[in-house]
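Each chain, written out:
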Amino acid sequence: MLARRYEAPTLEEALALVRQDLGPDALVLYTRERPAPRWRRWWDPGGVEVIAMPCHAGRFDPPVAVRWRSAPPIRVRAGRPRRVAFIGPTGAGKTTTIAKLACEFSLRGWRVHLVAGDTYRVGAPRQLQEYARALDVPVHPVSALEEDLASADLVLIDLPGVHPAMPDRIQAVGAMMERARLHEVHLVISATCAAPVLEAVQEGLAVLRPSRVVLTHLDEVDAGQVRSALTALRLPLSYITYGPNVPGYIATARSRAAARWLGDPCSSA
Ligand SMILES: Nc1nc2c(ncn2[C@@H]2O[C@H](COP(=O)(O)OP(=O)(O)O)[C@@H](O)[C@H]2O)c(=O)[nH]1
Ligand SMILES: [Mg+2]
């Protein structure tokens, strides 16, 4: 992995660590204030997190020159619960992306609710419940898809893994989605997959009507693989993730962090 993560009480101290470790020309990919989670504030005051990589790593020199489209991030409005589902193959990063987004939105003061819709994978509801407990957000069973969940500003729905080779599963997930009255469907795919696989997944899952893509595992691929994943994209990109940790390691496709990982988009959707 080329990118490294640094943490310090202040931005100045974090950048000093970056320079000490990676040299004066290090590329800073991402910075954020890291408030301590509520449950451990008594011993952890929080701080600043910086992700950086050495300049000579070559990923951005020259930048990845591929045409790709960006989609807007999720827009939440008070009093209108926004219902957003995440679909994609097992292991692509759906649950992790949901946990990252839940954290980002609840830190900004929105009331986030989760729905544990992955009733197939053993341990999946427990994984989501653990994130929900750590983030202090409610998590509902799949039956809640039929409810209004009016006290939420944002409902993030985790669904079972689907793959073009699993028509029965696609049908079952499609039926769940129909009950869910969704505003947005994000297809989560991993940049570690070869371009033909990414193309087949997008084509095979088009029946579930995703309108945007989340590209995950960027920290595990080199510049060539990033380029090939972007070339394979058929839908506009909403978010990228570049690490398994929660919180953090997620950026909207229209952020400077995304431009650094991917180069600039050619257009906006
Ligand atoms: N390195 C890396 N690992 C990730 C990323 N996103 C998810 N993961 C890991 O990939 C694995 C599968 O993720 P999960 O969210 O359970 O996938 P799901 O089956 O689609 O819900 C877990 O071990 C995650 O920690 C990422 O952006 N980078
Ligand atoms: Mg999952």
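(A) Quick peek at the environment of A194. Locating A194 in the fold gives a position in the loop between β9 (184-190) and α5 (195-204). Counting along the chain gives 14 residues from A194 to L208, while the straight-line C-alpha distance between them is 22 Å.

(B) Spotlight on the pairing of strand β6 (residues 112-116). Of all five residues making up β6, five are buried, and the element is well covered by its neighbours. Here β6 shows no split at all, with V112, L114 and A116 on one side and H113 and V115 on the other all buried. Direction of pairing for β6 relative to strand β8 (residues 154-158): parallel, over a ladder of five bridges. Among the inter-strand pairings, H113 is bridged to a residue of β8, identified as V155. Sheet topology note: the β6/strand β7 (residues 139-141) ladder contains three bridges and is parallel. Bridge pairing in β7 links L114 to V139. Taken together, β6, helix α3 (residues 124-135) and β7 form a β-α-β motif whose crossover is right-handed.

(C) Local environment of the nonpolar core. Core analysis: the largest hydrophobic core is formed by 77 residues, its most contacted members being A102, L114 and I240. The dominant element in this core, judged by the number of residues it contributes, is helix α2 (residues 94-107), at six residues. In this structure, L114 is in contact with I98, A102, L128, A132, V137, V139, H140, L156 and D158, ignoring residues within four places of it in sequence.

(D) Focus on the packing of α2 against α3. Packing of α2 against α3 leaves a shortest axis separation of 10 Å and a crossing angle of 20°. Taken together, α2 and α3 sit at an angle that is classed as roughly parallel. In this structure, α2 crosses over α3, and the sense of that crossing is right-handed. For the pair α2 and α3, contact is made by T95, A99, A102, C103 and S106 and by A124, Q127, L128, Y131 and L135, respectively. Partitioning the contact of α2 with α3 into residue classes produces seven nonpolar, three polar and no charged.

(E) Inspection of the site of ligand 1 at higher detail. Neighbouring residues of ligand 1: 18 residues in total, closest G93, K94, T95, T96 and P244. At three residues, the largest contribution of residues to the shell around ligand 1 is made by α2. For the shell around ligand 1, the residue count by class is four nonpolar, eleven polar and three charged.

(F) Expanded view of the domain arrangement of the chain. Split by domain assignment, the chain resolves into domain 1 (4-56) and domain 2 (69-268). A straight line from the C-alpha centre of domain 1 to that of domain 2 covers 26 Å. Residue contributions to the side of domain 1 that touches domain 2 peak at four residues, all from strand β2 (residues 27-34). Counted by class, the side of domain 1 that touches domain 2 contains five nonpolar, no polar and three charged residues.

(G) Spotlight on the confidence of the model for the chain. Model confidence for the chain is summarised by a mean pLDDT of 88, while 93% of its residues fall at 70 or above. Across residues 58-62, where pLDDT falls below 50, the model places five contacts with residues more than four positions away in sequence or in other chains.

(H) Broad picture of the pairing of strand β3 (residues 47-53). Burial analysis of β3 places five of its seven residues in the buried class, which makes it a mostly covered element. The pairing of strand β1 (residues 4-8) with β3 spans five bridges and is antiparallel. For R5, the partnering residue across the bridge sits in β3 and is I51. Across seven bridges, β2 lies against β3 in antiparallel orientation. Bridge pairing in β3 places R32 opposite E49.

Reading the values: rules and limits
Residues numbered from 1 in each chain as written. Chains lettered and ligands numbered in written order. Predicted model: local features only at pLDDT ≥ 70, side-chain atom pairs only at ≥ 80, totals over all residues. Helix = DSSP H or I, 4+ residues; strand = E, 2+ residues; numbered from the N terminus. Buried ≥ 20, exposed ≤ 12 C-beta atoms within 10 Å, placed from the backbone. Pairing = 2+ DSSP bridges. Right-handed = clockwise from strand over helix to strand, strands pointing away. Core = buried A, V, L, I, M, F, W, Y, C linked by C-beta atoms within 7 Å. Contact = placed C-beta atoms within 7 Å. Axes fitted to C-alpha atoms, helices over the stretch in contact; angles between N-to-C directions. Parallel < 35°, antiparallel > 145°, perpendicular 65-115°, else oblique. Left-handed = near helix turned anticlockwise from the far one by under 90°. Nonpolar A, V, L, I, M, F, W, Y, C, P; charged D, E, K, R; others polar. Near = placed C-beta within 6 Å. Domains from an automatic or database assignment. pLDDT = per-residue confidence, 0-100.

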